Amino acid sequence: MVVAFKVTGEEHGGWIVLRVSGELDMATSPTLRQRVHDAVAEGRHRVVVDLSDVVFCDSSGVGVLIAARRLLRSCQGRLRLILPADGIGAGTGAGAHVNRVINALGVRRLFDVQPDLATAVTESPVTA
């Protein structure tokens with residue numbers, strides 16, 4: 001079964017929210033990388049990447065997230081990820097895989113991970 005990859009963007013209270021769905025892998029991760037770079041080039045330094053509907057993520061996808069974090073930190077920006085704790089996105093357990101991957105790679109501590117959009121776009125202190 002082929003899962004279509006898609007990145008959509010919208011504004012929420014001063015944050016640009018990039019909603020990612022499908023498989024985030026070597027073939028698709030350059031698209032997300034470009035969307036983050038485009039947002040920064042437009043002067044948007046508060047970015048939320050919603051991974052709730054990502055059903056698969058490999059090391060190249062994680063690499064893009066790490067690079068996005070580095071880029072935003074270099075311009076005093078913020079990056080937040082949305083990963084539901086129970087992995088329930090799109091009603092199929094999407095998001096759970098990304099949780100497992102970033103935990104297994106030991107990089108979760110690098111990210112400000114939030115469970116939902118409402119929490120992600122608040123002004124609470126950044127923990128990462």
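Each remark here, short or long, concerns the structure printed above.
A brief structural summary.

Cut-offs used in this document
- Residues numbered from 1 in each chain as written.
- Predicted model: local features only at pLDDT ≥ 70, side-chain atom pairs only at ≥ 80, totals over all residues.
- Heavy atoms only, no water.
- Pairing = 2+ DSSP bridges.
- Helix = DSSP H or I, 4+ residues; strand = E, 2+ residues; numbered from the N terminus.
- Axes fitted to C-alpha atoms, helices over the stretch in contact; angles between N-to-C directions.
- Contact = heavy atoms within 4.5 Å.
- Right-handed = clockwise from strand over helix to strand, strands pointing away.
- Salt bridge = Lys/Arg side-chain N within 4 Å of Asp/Glu carboxyl O.
- Buried < 20%, exposed > 50% of the residue type's maximum accessible area, 1.4 Å probe, protein only.
- Polar contact = N/O pair within 3.5 Å; in protein donor to acceptor, adjacent residues only side chain to side chain.
- Parallel < 35°, antiparallel > 145°, perpendicular 65-115°, else oblique.
- Nonpolar A, V, L, I, M, F, W, Y, C, P; charged D, E, K, R; others polar.

As a further point, take the sheet that holds strand β1 (residues 6–12). One open sheet accounts for 5 strands, arranged β1-β2-β3-β4-β5; its pairing is mixed. What marks the edges here is a single partner per strand, and that holds for β1 and β5 (112–114). Taken pair by pair, the neighbouring strands of this sheet meet at an average axis angle of 25°, ignoring direction. Summarising the sheet, strand β3 (residues 46–57) and strand β4 (residues 78–82) pair through 5 bridges and their orientation is parallel. Residue pairing across strands places Arg46 opposite Arg78, the latter belonging to β4. Of the strands in this sheet, β1, β2 (15–24) and β3 are in contact with helix α1 (residues 29–41), which crosses β2 at around 175°. Across the sheet, helix α2 (residues 59–74) lies against β2, β3 and β4, angled at about 150° from β4, the strand it touches most.

So, on to the pairing of β3. Relative to β3, β2 runs parallel, the two sharing 8 bridges. From the neighbouring strand, Leu24 faces β3, where its bridge partner is Cys57. Considered for its hand, the β-α-β crossover made up of β2, α1 and β3 is right-handed. Regarding topology, α2 serves as the crossover connection from β3 to the parallel β4, and that connection is right-handed.

This brings us to the pattern of salt bridges. Tallied over the entire structure, the rule returns 5 salt bridges. With a closest N to O distance of 2.4 Å, Arg44 and Glu11 form a salt bridge. Taken as a pair, Arg44 in the loop between α1 and β3 and Glu11 in strand β1 lie far apart in primary sequence, 33 residues in all. Three or more residues are tied together by salt bridges with common partners; here these are Glu10, Arg19 and Asp50.

This paragraph deals with the environment of Val55. Here Val55 is to be found in strand β3. When the C-alpha positions of Val55 and Glu23 are compared, they lie 5.7 Å apart, and in sequence the two are 32 residues distant.

Here the focus is unusual backbone geometry. Positioned with a positive phi, Gln76 is a non-glycine residue whose angle comes to about 55°. Take Gln76: its relative accessible area is 69%, and that puts it in the exposed class.

Note on placement: Asp50 falls in strand β3. Judged by its relative accessible area of 7%, Asp50 falls in the buried class. For Asp50, the side chain forms a polar contact with the side chain of Ser52, separated by 2.6 Å. When sequence neighbours within four positions are dropped, the list of residues in contact with Asp50 reads Leu18, Arg19, Val20 and Ile82.

The next subject is the packing of α1 against α2. Between α1 and α2, whose axes approach to 9 Å, the crossing angle comes to 10°. When the interaxial angle is binned, α1 and α2 end up roughly parallel. Where α1 approaches α2, its residues Ser29, Leu32, Arg33, Val36, His37 and Val40 are matched on the opposing element by Ser60, Gly61, Val64, Leu65, Ala68, Leu71 and Leu72. By residue class, the composition of the contact of α1 with α2 is 8 nonpolar, 4 polar and 1 charged.

Worth remembering: the numbers are spatial, not functional.
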